[in-house]
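So you can see what is in the structure, the chains are spelled out below.
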Amino acid sequence: MRFLWITLIWTGMALWAVEPHWAYAPLRTPRVPEVGEVGGEVTHAVDAFIRAQWVRHSLQPAAEADRPTLLRRIYFDLIGLPPSPEDYQRFLADSSPQAYEREVDRLLSSPRYGERWARHWMDAVHFAETHGHDQDRIREQAWPYRDYLIEAFNADRPYGRFIQEQVAGDVLYPDRPEATVALGMVAAGPWDESSLRDIREDTLDRQLGRYVDRDDMIGTVMSVFNSTTVQCARCHDHKFDPIPQADHYALQAVFSGVERAHRFFDRDPAIHVQRQQWMHQKRQLERGDPELLESSQTRTEVRQWSMRRQLRPVVWTPWLADSFLSAGGATLQHQPDGSFRVSGTRPERDVYTLTQTASKGSVRAIQLELLPDDSLPHRGPGRNPDNGNLHLSEVELWVSSAGVAEPRKVRWARATSDFDQDGWTVAHAIDGQEKTAWGIHPQEGQAHRAVFELAEPLAAHPGDRWSLVLRQSHGGSHLIGRFRVSITDASGEASRVIPAQIASIVDRTPESWTQDQSRIVSAFFLRERLRQQLAGLPEPSRVYAAASDFEPDGSLKPSLNPRPIHRLNRGDITQPREEVGPGALTCIAGLPGRFSVPEGSEEGARRAALAQWLAHRDNPLTWRSIVNRIWLHHFGHGLVATPNDFGRMGSAPSHPELLDWLAVWFRDDARGSFKALHRLLLTSATYRQRSQASGHSGPSNEKRDRTVQLDPENRWFSRMNRTRLDAECVRDAMLLINGRLDLRMGGPGDRQFDLKPGIHVTPQVDYTRFDSDAPEGRRRSVYRFLFRTLPDPWMEALDCPAGDQLLPARNNSVTLQQALALWNNAFSLRQAEHWAASLQALGGDGGESWKGVGWWAWGRPLTDTEQQEWAQYAQKHGLANACRLIFNSNEFLFVP
């Protein structure tokens, strides 16, 4: 057995070394079979290729389905909802030859079309709104990617651009906010928070976690867009396909500069462009880009800034406190220089309050100076006995006005200081959280200063009292030992504190600066200006996506440059071999297997190169893969039965000429239009066939039976495949029929669950939320929140995935669990009750109430006998039970 396996491996490797596998061969445009070759008149190219196989295999096609069946079929295929009785009446009353085509176009124009086909794509990229793995934390901003997909399908985004946006939209389309949101695809899969956030950066487990995480990224991208199993080359060369191990790590190098994280975007394109430009400059600064730091424009602006500081010194006025108190019982002694020295009791925590009568004019900033003193431990300026440090938790300014019962708290705009302890910045002193604080370690024994800028100028009014509150809540006697407070009416830039290192340079003329000093000052100046510019923009939106510039989350921090990628011998993190540069597959003729990305380029250049490689007209995998996926969803199985694997271990195409013809037509004639492809497939006679084998036209029963015997799995599409509705279609059809489907679009998913202490989350489905008269607060969203590890049991029973695996299509199984869920689950029962109430309002339990039931549920009218029988059943068992029975009928659950 072992010898046979080795033989198969070497045979496969020899085959791809000699001739290209069909999937990697260049696309060609096959000749459409002529009418005479296929027997009978054929005007549709798809039908010509299909019928050629019928003739070759002596098969007889099924007759065309009746018009109600066709309408129900295209409704569920294109928008995932059933037609209403009025839709049937309109279609059946239209006797023109173009009636069917008009219905197809009308559905393609419906906003429901984007929702339906976005869901198919979300399955393919294993999208969910939690991380998965052991913690399964919620991704608060994953939903904008889902909304992007809906918009892209409704707008009929050309497929080439659709690919590029999801791999490198931020680089290739920087002026379009939605192109940044599209990067949610790369981050859609599961993420191991324990390995990638909660353990130390310098561990092997962290490095291994990154390789595994990138493996998921490239597996998703290459499986969805190219139907290849590149992840099989992680530990060795692919055993069956022409994918060497180096190709796998070249693809890893493409994504070595990104993480899965929340990144900023703005829905206003102008603001989006501005923010992205400033964020790009910020990254240039972090990398020390000499082109930015040493440009003539930067040198001129820095010189002007330095001169302004020297020519316009800020005048600070002492804070004339007539009341100064320590909540902890310490003594505040007013010194001749206007400062306060604290002595006496040294509590664990303390609050100093300094109050004065409002001075004349206005205040724009308050300065706090920390002063060393020989009476303090280690000369202070703090009172901590170990090192003289301090922790200032919060600075507050309160205004008490005559005739006003409650004092008013003044808002801060910004805080700056000449030195921040690592992780204890002065910004923490105005963040509203007493657990954070400003500290000065290890620069104890030195003077320090901080300036707190007001959000709005504070004008003095007669009788006003101003109270400055210094909260020191961290504990350990990290208290201020000597300090001085002063105020100014100077604005922003003038009053702002600059670090001591910068101040020591700018106190001299720019001509005396060394090149290194000039770069240091330029970096500080540009960084402060960018901070101010970004702060002046509106609050940005966020999306969970591939990101190289994001706010740190624990130990998850952005990398300034793409991380080096090494080929791992046998996939072992402890056996790194040669470094590998960015690239893709080397087996595609005419396309580069490695990308020429200039040294020092930002990581986005790598993704842009891959996006262009994927969307290239000469990439045969891309165009074959997508037309096969669309065909699969319309016909029940693909021209290639393994949509995610076009390799030698996958299936060969049943109609290779048709696959290539569709790929070329979609690429060139349709220009990547999904709607054009839908229209082409749905208007074919092949699609419009009946699913029943007994519906064949022409031949005798014996010939019809022979057709089924020759093609039992319907590989040659001699009849339509009968398919069960997927979970979303069943759910939405129930809600639509009883009038309680909310058709609002967009926004976060509806999280119907309770958060328990720790990480445990229990879904709690509130089925009353679908009621049209439910309070607005209970109808927060019309989209389900997709949990990765805790799926909805009712949806899961109907093959709805949990988002932890690549799924080209639902399993479409028929199981006992489905029958039990549909019959007994609270959701099914509730919807049956709602429908019964609607029918009751129309005409009670009699026959009149059943007029529209058949059209809604089965796509046909009830016969007189059926109406009578259903009415009798409802009178005996209750109308809700009758509706429940209909929801469980095969005619409702299957599309013929």
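Reading guide: rules and limits
- Residues numbered from 1 in each chain as written.
- Predicted model: local features only at pLDDT ≥ 70, side-chain atom pairs only at ≥ 80, totals over all residues.
- Heavy atoms only, no water.
- Helix = DSSP H or I, 4+ residues; strand = E, 2+ residues; numbered from the N terminus.
- Buried < 20%, exposed > 50% of the residue type's maximum accessible area, 1.4 Å probe, protein only.
- Contact = heavy atoms within 4.5 Å.
- Areas by Shrake-Rupley, 256 points an atom, 1.4 Å probe, with all protein chains shown as cover.
- Lys, Arg positive; Asp, Glu negative; His and termini not counted.
- Charge placed at Lys NZ, Arg CZ, Asp CG, Glu CD.
- Domains from an automatic or database assignment.
- Phe/Tyr/Trp six-rings, centres within 6.5 Å; stacked < 30°, edge-to-face > 60°.
- Lys NZ or Arg CZ within 6 Å of the ring centre and 35° of its normal.
- Salt bridge = Lys/Arg side-chain N within 4 Å of Asp/Glu carboxyl O.
- Pairing = 2+ DSSP bridges.

Caption draft 1: Summary view of the overall build of the protein chain. Secondary structure summary: the protein chain contains 32 helices and 20 strands in total. With respect to the principal axes defined by its C-alpha atoms, the protein chain has extents near 115 × 75 × 55 Å. Out of the 896 residues in the protein chain, the part that is buried amounts to 54%. A sequence separation of at least 24 residues applies to 74% of the contacts in the protein chain between residues at least 6 apart. Accessible surface computed for the protein chain: about 38,900 Å², of which carbon and sulfur atoms make up 51%. Averaging the locations of the 105 positively and 114 negatively charged side chains of the protein chain gives two centres separated by 1 Å.

Caption draft 2: View of the domain arrangement of the protein chain. For the protein chain, the domain assignment lists domain 1 (40-112 + 634-713), domain 2 (271-313 + 498-537) and domain 3 (317-489). A C-alpha centroid distance of 29 Å is found between domain 2 and domain 3.

Caption draft 3: Just the packing of aromatic side chains, in detail. On inspection of all chains with the given rule, the structure shows 36 aromatic pairs. Both rings, one in Tyr88 and one in Trp855, keep their centres 4.8 Å apart while their planes meet at 35°; by these two values the pair is tilted. You can see Tyr88 sitting in helix α5 (residues 85-93) and its partner Trp855 sitting in helix α29 (residues 853-858), a full 767 residues away along the chain. Assessed through its relative accessible area of 1%, Tyr88 is described here as buried. On the basis of relative accessible area, Trp855 is assigned to the buried category, the value being 15%. Through pairs of rings, three or more aromatic residues link up here, namely Trp121, Phe127, Tyr145, Tyr148, Phe153, Tyr159, Phe162, Phe225, Trp623, Phe666 and Phe674. Directly above the aromatic system of Phe894 lies the positively charged group of Arg722, at a separation of 4.2 Å from the ring centroid. One cation-aromatic arrangement involves Arg884 over Trp823; the distance from NZ or CZ to the ring centre is 4.0 Å.

Caption draft 4: Just the pattern of salt bridges, in detail. Evaluated as defined, the whole model comprises 66 salt bridges. Of the charged contacts in the structure, one is a salt bridge between Asp322 and Arg465, with a shortest N-O distance of 2.8 Å. Of this pair, Asp322 sits in the loop between β2 (317-318) and β3 (323-326) while Arg465 sits in strand β12 (residues 465-472), placing them 143 residues apart in sequence.

Caption draft 5: The pairing of strand β4 (residues 330-334), seen in detail. One ladder, built from five bridges, connects β4 with strand β5 (residues 340-344); its direction is antiparallel. In the sheet register, Gln333 faces β5, and the bridge partner there is Arg341.

Caption draft 6: Layout of the sheet that holds strand β8 (residues 394-400). Spatially, the five strands line up as an open sheet ordered β3-β6-β12-β8-β9, and their pairing is antiparallel. The strands lining the two open edges of the sheet, one partner per strand, are β3 and β9 (408-409). Of the strand pairs in this sheet, strand β6 (residues 350-357) and β12 are connected by eight bridges, and their pairing is antiparallel. Bridge assignment links Tyr352 to a residue of β12, and that residue is Leu470.

Caption draft 7: Inspection of the pairing of strand β14 (residues 541-547) at higher detail. Extensive coverage of β14 is indicated by the burial of five of its seven residues. As paired strands, strand β1 (residues 259-265) and β14 are joined by seven bridges and run antiparallel to one another. When the sheet's bridge partners are listed, Glu259 is paired in β14 with Ala547.

Caption draft 8: Molecular detail of helix α25 (residues 727-737). Across the eleven residues of α25, ten count as buried, placing the element largely inside the fold. For α25, the complete set of buried residues consists of Ala727, Glu728, Cys729, Val730, Arg731, Asp732, Ala733, Met734, Leu735 and Ile737. Of the residues one or two after α25, Gly739 is the one with positive phi, at around 80°.

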